[in-house]
Amino acid sequence: MPGDVFEVWLEHSSIALEVEAIGRSTQALNSLGEIAISANTSIGGNISRMLVGAGDDEQFWLRVSSEEVGDGLYALRISRHIAALEYNSSFEFPGSQSPATDEKAIEMNAGWGIAQGWLSASVGEEDCIILPTQQVNGSGNDVQVASGFIAFSANTTTQVSFLLDGSWITISEYYEHISNPNNTSVTIYSPAGTTALRYCLTSEEVTAWVALFYTVNVSDSPGELPSSSEMLNAGWGRLGLNSTTQGELVTSIYDSSDLLWYEVDGWSESEFLIRVSIENIGTEPIRITLQEINWSNRAIIESVYITTDGSKSEVLTMKVGPGIHTVKIEHLNLIEQGGNWQWGGEPDLPNASYRIYTTVVQTEEGEKPWFEADPRVAEASQKLLLFFGICLALPFVWVVLKQRAAKKAAHGLIGKKERLAHLLELLAKGEVYEARADLSTNLRIISTLTWEEGVEVWGKPDLHHRTESVDLAAWRLDTRLGKKGGMPILIGVHVIEDTWEVVGLRCEAPEGMAWKIVRAEPRLLFRQDELFLDQLHQGTRTFVEIEIIGDGSGIEFSLSGTVKGKPSAMKTPTAMMIDVEEE
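Computed from a prediction, not measured in an experiment: that's the story for all the values here. (Residues numbered from 1 in each chain as written. Predicted model: local features only at pLDDT ≥ 70, side-chain atom pairs only at ≥ 80, totals over all residues. Heavy atoms only, no water.)

Engineer: Tell me about a negative patch on the surface, and name the residues and values.
Structural biologist: A cluster of like negative charges, contributed by Glu18, Glu34, Glu67 and Glu68, occupies part of the molecular surface. Summarising the element assignment, Glu34 is placed in strand 3 (residues 29-37). Look at Glu34 and you get exposed, because its relative accessible area is 54%. (Patch = residues over 30% accessible without salt bridge, like charges linked within 9 Å, V, L, I, M, F, W, Y side chains within 5 Å. Areas by Shrake-Rupley, 256 points an atom, 1.4 Å probe, with all protein chains shown as cover. Salt bridge = Lys/Arg side-chain N within 4 Å of Asp/Glu carboxyl O. Lys, Arg positive; Asp, Glu negative; His and termini not counted. Charge placed at Lys NZ, Arg CZ, Asp CG, Glu CD. Helix = DSSP H or I, 4+ residues; strand = E, 2+ residues; numbered from the N terminus. Buried < 20%, exposed > 50% of the residue type's maximum accessible area, 1.4 Å probe, protein only.)

Structural data, given as structure tokens:
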């Protein structure tokens with residue numbers, strides 16, 4: 001009957017042999033195929049195989065012949081694959097709109113399936129495989145990915161469709177023409193809501209086939225910001241901090257960008273440095289953008305981006321505040337050139353793949369929030385005040401111990417010279433916050449040492465000037481120690497004779513615009529280019545850090561005040577150059 005396939009095996013022959021398959025009808029004899037061997041074969045040796053299909057009202061005949069003279073032995077094995085008995089599961093007809101009513105189709109388990117069959121090359125004959133898919137329980141951004149492996153014995157055409165809302169939709173012409181006499185791997189994408197996939201096989205030749213399929217759900221991170229940060233967990237991919245994140249932009253489904261988010265916790269005015277190492281593991285160029293987001297109006301506060309070609313790596317950094325921010329990865333050619341293929345079909349552009357390693361370092365601690373005291377705390381405080389009144393002497397003891405500890409710490413620094421070099425080591429490790437804290441601590445305790453010991457602890461000054469009554473030294477600091485975007489400078493003043501009153505320290509620019517002081521540590525009063533030191537007694541040793549902004553190439557220092565009621569001043573004869581490249 002039409003659709004039947006006969007399988008003929010020549011398992012053994014002692015002579016050269018020809019085996020011809022013939023279809024005999026009432027009108028003619030049709031040669032369906034042949035097997036010919038020119039040498040003897042042994043049992044279990046080189047076995048020859050032939051697949052032939054029967055036509056309408058045909059009888060199947062085999063003609064065995066040999067050109068050799070003499071006796072010979074041969075062995076044939078014949079199998080008949082009846083079309084009506086080819087499948088023993090629920091059958092479905094390929095042309096219908098509902099898989100439950102289709103006929104001559106294999107329905108396999110949801111999520112995976114293995115099937116095999118034969119095509120007899122009869123007009124209109126096709127084998128269809130119905131594969132129910134997994135249910136999608138995501139945010140609506142998920143897609144079905146079906147991977148398959150089909151092996152053929154002859155050229156075969158495969159049409160792939162997905163069932164969505166009761167209608168079969170063909171994926172693409174690319175999947176309609178899979179012609180490989182050996183095997184073909186197939187990967188297709190279908191949208192969320194797909195309930196079944198259908199693979200229909202046809203061939204102009206008698207063909208045996210075997211197929212393996214499985215489906216999985218994958219989540220695709222959208223490429224644009226949601227309406228609020230609360231929606232990020234619903235479908236947007238999260239970027240792992242201090243770890244590796246990998247992804248792919250699938251051009252078949254027009255996936256041109258991924259938006260990944262991350263969160264950093266801190267106080268108000270905290271600052272963080274995010275560093276992203278991007279490895280483009282595909283062949284297409286990609287663009288990576290770091291974005292600091294203000295979620296109150298979905299505005300981008302600041303952004304930086306970099307483009308990397310295929311098989312290249314780049315590094316991108318940016319400062320951000322506390323909160324939730326994003327990293328955007330884009331398929332550059334897909335965005336700029338667009339595409340005209342059917343969704344889920346064969347694209348003109350290859351996919352883009354990336355691997356990202358992200359690190360975050362806190363550079364500014366910020367201000368801790370203040371909370372109003374609980375009434376119970378106030379009641380407890382009154383009791384504590386009464387207790388402290390009885391123990392009035394304890395604060396004095398604490399002050400003495402504190403002074404001794406500071407003195408001990410100061411003497412401990414005598415053996416640890418070149419403190420500025422130590423700060424540079426901390427900065428080289430990215431420990432900006434630790435370096436600033438170390439500088440503030442040293443400013444307090446080094447003042448208890450002698451002037452010579454204090455200068456030796458800091459290291460060789462960049463500027464040093466001494467008069468009969470005042471000794472002044474200055475050091476340039478690394479710009480990373482600044483907090484206001486200016487140049488940090490460390491200044492030490494030692495009063496040798498007399499007492500200076502109403503003292504002001506001025507930062508003068510020998511050329512260019514005047515310098516402006518924007519920060520002082522400890523917190524002293526300043527205005528424009530002048531810092532007010534108030535009163536400096538004889539023997540006073542004062543160390544202060546200032547931060548200045550301006551465009552001059554050097555800086556000179558002048559000290560003014562009154563000594564014994566008369567105006568007095570001193571000025572450094574040379575300038576400290578600040579445009580020298582730091583080591």
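Engineer: Give me the sheet that holds strand 20 (residues 299-308): which residues, what numbers.
Structural biologist: Within the open sheet, the four strands sit side by side as 17-22-19-20. Their pairing is antiparallel. A single partner strand is all that each edge strand has here, and the edge strands are strand 17 (257-264) and strand 20. Sheet twist, expressed as the mean angle between neighbouring strand axes with direction ignored, is 20°. Relative to strand 22 (residues 323-331), strand 17 runs antiparallel, the two sharing eight bridges. Paired with Tyr262 across the bridge in strand 22 is His325. (Pairing = 2+ DSSP bridges. Axes fitted to C-alpha atoms, helices over the stretch in contact; angles between N-to-C directions.)

Engineer: Please give an account of the nonpolar core that cites residues and values.
Structural biologist: Judged by nonpolar contacts, the single largest core of 29 residues is most densely connected at Ile489, Ile491, Ile546, Ile555, Phe557 and Leu559. When residues of this core are assigned to their parent elements, the largest contribution, five residues, is made by strand 26 (residues 487-495). Look past the residues within four positions of Phe557 in its chain and what remains in contact with it is Leu463, Leu472, Ala474, Ile489, Ile491, Leu505, Arg506, Cys507, Met570, Lys571, Thr572 and Met576. Leu239, Leu290, Ile329 and Ala352 belong to the second largest nonpolar core, which has 21 residues in total. (Core = buried A, V, L, I, M, F, W, Y, C linked by side-chain atoms within 4.5 Å. Contact = heavy atoms within 4.5 Å.)

Engineer: Give me the lowdown on the pattern of salt bridges, citing residues and values where you can.
Structural biologist: Enumeration over the complete set of coordinates arrives at 15 salt bridges. With its nearest N and O atoms 3.2 Å apart, the salt bridge here joins Arg506 to Glu530. Of this pair, Arg506 sits in strand 27 (residues 500-508) while Glu530 sits in strand 30 (residues 530-536); the two residues are 24 residues apart in sequence, bridging distant segments of the chain. A relative accessible area of 31% means that Arg506 is categorised as partly exposed. Look at Glu530 and you get buried, because its relative accessible area is 13%. Sharing partners across several salt bridges, the network here consists of Arg506, Asp529 and Glu530.

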